[in-house]
Amino acid sequence: MQDANTQQPSSRPRQKKDIHNYSHKELVTLFQELGQPAFRAKQVEEWVWEKNATSFSQMSNLPKSLRAVLEENLTLGGTEELVKQISQDGSRKYLLRYPDGVSVECVGMPTRGKLAVCASSQAGCPMGCAFCATGASGFTRNLTAGEIYEQVMHVRDDFDTRVTSVVLMGQGEPFMNYDAVLSALRKLNSPEGAGIGARHLTVSTCGVIPMIKRFANEPEQFTLAVSLHSAVQRTRDMLMPGVKKYSLLHLYDVMGEYVDKTGRRPTYEYALIKGVNDTEEELASLCDFCRDNLAHVNLIQLNDVKGSKFQPSTEARAQEFVRRLANVGVEATIRNSRGSDIDAACGQLKQNVERMTH
């Protein structure tokens, strides 16, 4: 007779582990357990990270029997492209779905022989910025390092050209998913991965101060961008409620520490919103915040978000910001918004298509 405490075996299928989530050491151990030489780990990593293999059967330099074992026990993750939209400027926006049904958007932006990718670090975003479509959609979950990496590889393969830079400015707050983001950046930077120079890998944060401090201590030369959007506390609190607890004064101090420690120039992102953060008071405060501070200001003329109460500033007002910032020794540029006709520009990433298909 069976003991009453004996548990019956579960009939649910065992969940396979994504091979993207294995470290090199873990892969070596795995192949040792399978009675395979250690160099198999290197071969598999080349297929996973450099060639972006979509099935184990593609790994032609592995024995068939080993490929079968890997297929049975592991997964290559994988993204399903639900929708691709192509902008008049050549940008392409992708709605990608992961095996668990969660979907995110990313954008490929070609310019004169170079290819930049704007990738997401979370599905949705918990920060709730008032002018951003992604924030209005809520938060689903963090992405793994492999899922972030796969977005970049998907764009690379679709354009059939090497990616030269990546910005984590898509859906999500990267510093609320710090470890996975750093792991993805390192793999994108690695010669055994995408081989993209560290200075061409940019993380954009709303200003999560503890993580800015941590980022300053990382050994790589990754680039930092801070979504500022106002140097007046009450305005910033209204626009960016997710970082209310971090004061501008504290942010100013920590950015000074970041520059002193790294010697690198951060970028401040500033979406110009008519009558909200483009007033004389706002401009004077921005000049004060950036003066004597090694920084570049990236002015963005707010992109249209359906249903938003906010309107973009005029071109003339944007030019006035550039001129006045230059007067206090601060370099500023007006960003050329890419992909706005397909809702792929800043603040527009939202899964409209997914809603229509459900």
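Structure: see above.
Residues numbered from 1 in each chain as written. Predicted model: local features only at pLDDT ≥ 70, side-chain atom pairs only at ≥ 80, totals over all residues. Heavy atoms only, no water.

Honestly, the state of the cysteines in this entry has me stumped. Any pointers?
What is meant by a disulfide is a covalent connection between two cysteines, made through their sulfur atoms. Taken as a whole and assessed by the stated rule, the structure comprises zero disulfides. Not engaged in a disulfide, the cysteine Cys129 finds its nearest cysteine sulfur in Cys206; these two sulfurs lie 4.0 Å apart. By relative accessible area, which is 12% here, Cys129 ends up buried. (Disulfide = S-S within 2.5 Å. Buried < 20%, exposed > 50% of the residue type's maximum accessible area, 1.4 Å probe, protein only.)

Could you clarify how one ought to interpret the packing of helix 5 (residues 145-159) against helix 6 (residues 178-189) in this entry?
In a pair of packed helices, the angle between the axes and the distance between the axes together describe the arrangement. Two numbers describe how helix 5 lies on helix 6: the axes approach to 8 Å, and their chain directions differ by 45°. Between helix 5 and helix 6, the crossing angle belongs to the class labelled oblique. The hand of the helix 5/helix 6 crossing is right-handed. Contact with helix 5, carried on its side by Ala145, Ile148, Tyr149 and Val152, involves Ala180, Val181, Ser183, Ala184, Lys187 and Leu188 of helix 6 and no other residues of that element. Of the residues that constitute the contact of helix 5 with helix 6, the class distribution is eight nonpolar, one polar and one charged. (Axes fitted to C-alpha atoms, helices over the stretch in contact; angles between N-to-C directions. Helix = DSSP H or I, 4+ residues; strand = E, 2+ residues; numbered from the N terminus. Parallel < 35°, antiparallel > 145°, perpendicular 65-115°, else oblique. Left-handed = near helix turned anticlockwise from the far one by under 90°. Contact = heavy atoms within 4.5 Å. Nonpolar A, V, L, I, M, F, W, Y, C, P; charged D, E, K, R; others polar.)

What am I meant to see in the environment of Leu143 here?
Along the chain, the position of Leu143 falls in the loop between strand 8 (139-142) and helix 5. Separated by 31 residues in sequence, Leu143 and Pro174 place their C-alpha atoms 9.8 Å apart. Excluding residues that lie within four positions of it along the chain, Leu143 makes contacts with Tyr98, Val104, Ser120, Ser121, Gln122, Ala123, Ile148, Gln151, Asn177 and Ala180.

I would appreciate a short explanation of unusual backbone geometry in the present structure.
Negative phi values dominate among residues other than glycine, just as trans dominates among peptide bonds. Although it is not a glycine, Arg112 adopts a positive phi angle of roughly 45°. Along the chain, Arg112 turns up in the loop between strand 5 (103-111) and strand 6 (114-118). For Arg112, a relative accessible area of 80% puts it in the exposed group. For Asp160, which is not a glycine, the phi torsion comes out positive at approximately 55°. As for its position among the elements, Asp160 is in the loop between helix 5 and strand 9 (165-168).

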